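As a plain string of letters, each chain reads:
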Amino acid sequence: MIATCFALVAFAAALAVGVAADNSVGTIIQRALIAMAVAWLVGRVIGGIAMRVVHEHVERYKREHPIPDDLPEEDASGIETHREQPG
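Every value quoted in this text rests on a predicted model; they were computed, and no experiment measured them.

Details of unusual backbone geometry
Alright, step 1. A positive phi is found at Asp22, a non-glycine position, where the angle reads about 60°.
Alright, step 2. Mapped onto the fold, Asp22 is located in the loop between helix 1 (2–20) and helix 2 (25–64).
Alright, step 3. With relative accessibility at 68%, the residue Asp22 sits in the exposed group.

Comments concerning the pattern of salt bridges
Alright, step 1. By the definition in use, this model includes two salt bridges.
Alright, step 2. The salt bridge partner of Arg52 is Glu56, with a shortest N-O separation of 3.0 Å. Note that Arg52 and Glu56 are positioned in helix 2 at a spacing of four residues, about one turn of the helix.
Alright, step 3. Overall, Arg52 belongs to the exposed group, its relative accessible area being 58%.
Alright, step 4. Of the charged contacts in the structure, one is a salt bridge between Glu59 and Lys62, with a shortest N-O distance of 3.9 Å. One end of the pair is Glu59 and the other is Lys62, both in helix 2 and three residues apart, which spans about a single turn.

A closer look at helix 1
Alright, step 1. A rise of 1.5 Å per residue sets the reference length of helix 1, with its 19 residues, at 27 Å; its end C-alpha atoms lie 27 Å apart and thus fit the reference within 8%.
Alright, step 2. Among all positions in helix 1, only Ala3, Ala7, Ala10, Ala14 and Gly18 are buried. An end-on view of helix 1 places all buried positions within 65° of arc, on one side of the element. Within helix 1, the exposed residues directed more than 90 degrees away from the buried face are Leu8, Val9, Val19 and Ala20.
Alright, step 3. Asp22, located one to two residues past helix 1, shows a positive phi value of around 60°.

Scoring rules and cut-offs
Residues numbered from 1 in each chain as written. Predicted model: local features only at pLDDT ≥ 70, side-chain atom pairs only at ≥ 80, totals over all residues. Heavy atoms only, no water. Helix = DSSP H or I, 4+ residues; strand = E, 2+ residues; numbered from the N terminus. Buried < 20%, exposed > 50% of the residue type's maximum accessible area, 1.4 Å probe, protein only. Salt bridge = Lys/Arg side-chain N within 4 Å of Asp/Glu carboxyl O. Expected span 1.5 Å × (residues − 1). Arc of directions from axis to C-beta.

Right, here's the structure in full:
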């Protein structure tokens with residue numbers, strides 16, 4: 001998703017700059033497509049890094065904050081009921 005956003009923004013920006021510079025249509029499209037491809041690759045790298053960082057933080061949080069086994073259970077009505085302790 002990040003790569004696609006980067007690519008579309010780069011394509012639109014290259015189109016706008018090309019039109020503002022009064023370039024030919026062929027030149028504008030060619031440069032916009034190149035900009036889009038490069039921005040997509042950059043977006044893929046940034047997106048991959050971001051996904052890895054988020055995944056690592058979530059896993060570390062899960063390790064540091066485990067869910068205890070003695071939490072109250074909820075029945076189908078949404079009312080909390082406590083487990084009976086053996087003994």
